[in-house]
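Notes for the structure review
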Amino acid sequence: MIIAIDGPAGAGKSTVAKLIAKSLNFLYIDTGAMYRALTLKALEQGADIKDPQKLSELAAHTDISLLNDSNAPLKVLLDGRDVSADIRQPRITQFVSEVAKIKEVRKIMVELQRKLGNKGNAVLDGRDIGTVVFPEAEKKFYIDAIFEERVNRRHKESTGLGQKLTAEDVAADLANRDKIDSGRAVAPLKQADDAVYVDTTKLSIEEVVNKVLGFINE
Ligand code: DC
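Notes on the structure follow.

Definitions and cut-offs
- Along each chain, residues carry numbers from 1 onward, in the same order as the chain's sequence is written.
- Given that the model is predicted, a residue must reach a pLDDT of at least 70 before its local features are reported, and side-chain atom pairs must reach 80 or more before they are shown or counted; all residues, however, enter totals for whole chains, interfaces and linings.
- Excluding hydrogens and water, the side-chain figures rest on all heavy atoms present in the structure.
- Secondary structure elements follow DSSP: runs of H or I no shorter than four residues count as helices, runs of E no shorter than two count as strands, and numbering proceeds from the N terminus.
- Here the globule rule is a power law, 2.2 Å times the number of residues to the power 0.38, and the radius of gyration is based on C-alpha atoms.
- Each residue gets one of three labels from its accessible area relative to the maximum for its type: buried under 20%, exposed over 50%, partly exposed in between, using a 1.4 Å probe on protein chains only.
- Contacts are assigned to residue pairs that have any heavy atoms within 4.5 Å of one another.
- Note on areas: Shrake-Rupley with a 1.4 Å probe; residue coverage comes only from the protein chains shown.
- Charge counting treats Lys and Arg as positive and Asp and Glu as negative, with His and both chain ends excluded.
- In this description, the location of a charge corresponds to atom NZ of lysine, CZ of arginine, CG of aspartate or CD of glutamate.
- Put simply, two rings from Phe, Tyr or Trp (the six-membered ring, in Trp's case) pair if the centres are within 6.5 Å, and we call them stacked under 30 degrees between planes, edge-to-face over 60, tilted for the rest.
- Any residue with at least one heavy atom within 4 Å of a molecule or strand is counted as near it.
- Side-chain classes are defined by residue name, with Ala, Val, Leu, Ile, Met, Phe, Trp, Tyr, Cys and Pro counting as nonpolar, Asp, Glu, Lys and Arg as charged, and the others, Gly among them, as polar.

1. Quick look at the overall build of the protein chain
Of the regular secondary structure elements, the protein chain holds nine helices and eight strands. Radius of gyration (C-alpha) of the protein chain: 16 Å, near the 17 Å computed for a compact globule of 218 residues. Principal axes of the C-alpha set define a box for the protein chain whose edges measure 50 × 40 × 35 Å. Taking all 218 residues of the protein chain together, 48% fall into the buried category. Taking all contacts inside the protein chain whose residues are at least 6 apart in sequence as the whole, residues at least 24 apart take part in 74%. By element, 51% of the accessible surface of the protein chain is carried by carbon and sulfur atoms, the whole surface being about 10,600 Å². The distance from the centre of the 32 positive side-chain charges to the centre of the 33 negative ones in the protein chain is 1 Å.

See the structure below:
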């Protein structure tokens, strides 16, 4: 079974997706982490983030893998190197939407996501899982929250990671990513017609997980 979880940044998708995967003993596939890993490689190599051809070539020669352990945070390997922490740095967050809007890059990432998902039962979180990657997914969710709450959550998260971002920095980044992710020509962030909409603004993580599990078990 494929469970698709889409929504904007800061809505709680990845936390919820990982807990759902753990509870069902499914594979967890964080598709945003893949775009982040490629962005890290591009920045490390000094590649021009806005050069689609360069980025597509880079994507074609990059090995990204996800190591699942339901009792530990997901491990992201970039060409065999553990980059799980590096891909959460603000400079990656700042540029990832530019990389993710490149058509050829998406083609390569979507292929990888389908390959991983087709291994068996999986929960995938991202922006286009229910619309493009797995339109035939058995269960689809669109996890959302009002902008201020998403800023709050991401700000707390970044402070927890020791990053010195102000709430204004986080708000500017989220507004910028919302705009690029929703406005891009290829696979924009959009709720699938058959997805269940979950507004998490006033819900705890546990409440969201229980709600989503309730729909899955229906
Ligand atoms: O979920 P995240 O914040 O880690 O995702 C990072 C970026 O990657 C996000 O701003 C948009 C892009 N992304 C995407 O375009 N498609 C996906 N399926 C997942 C993420």
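Now that the structure has been shown, we can carry on.
2. A closer look at the packing of aromatic side chains
One pass over the structure, following the stated rule, counts two aromatic pairs. A ring pair is formed by Tyr142 and Tyr197, whose centres lie 6.0 Å apart and whose planes are at 15 degrees; its orientation type is stacked. Highlighted residues: Tyr142 in strand S7 (residues 139–144) and Tyr197 in strand S8 (residues 196–199), separated in sequence by 55 residues.

3. Description of unusual backbone geometry
Note: most residues except glycine have negative phi, and most peptide bonds are trans. One non-glycine residue, Asn25, lies in the positive phi region at around 60 degrees. Looking at the secondary structure, you find Asn25 in the loop between helix H1 (13–24) and strand S2 (27–30).

4. Some words on the site of the ligand
Residues in contact with the ligand amount to 16 residues; listed here are only the nearest, Arg36, Arg106, Asp128, Asp181 and Arg184. When the ligand is considered free in solution it has 450 Å² of accessible area, and contact with the protein chains removes 98% of it. With four residues, the top contributor of residues to the shell around the ligand is helix H2 (residues 31–44). Taken together, the residues of the shell around the ligand break down into three nonpolar, four polar and nine charged.

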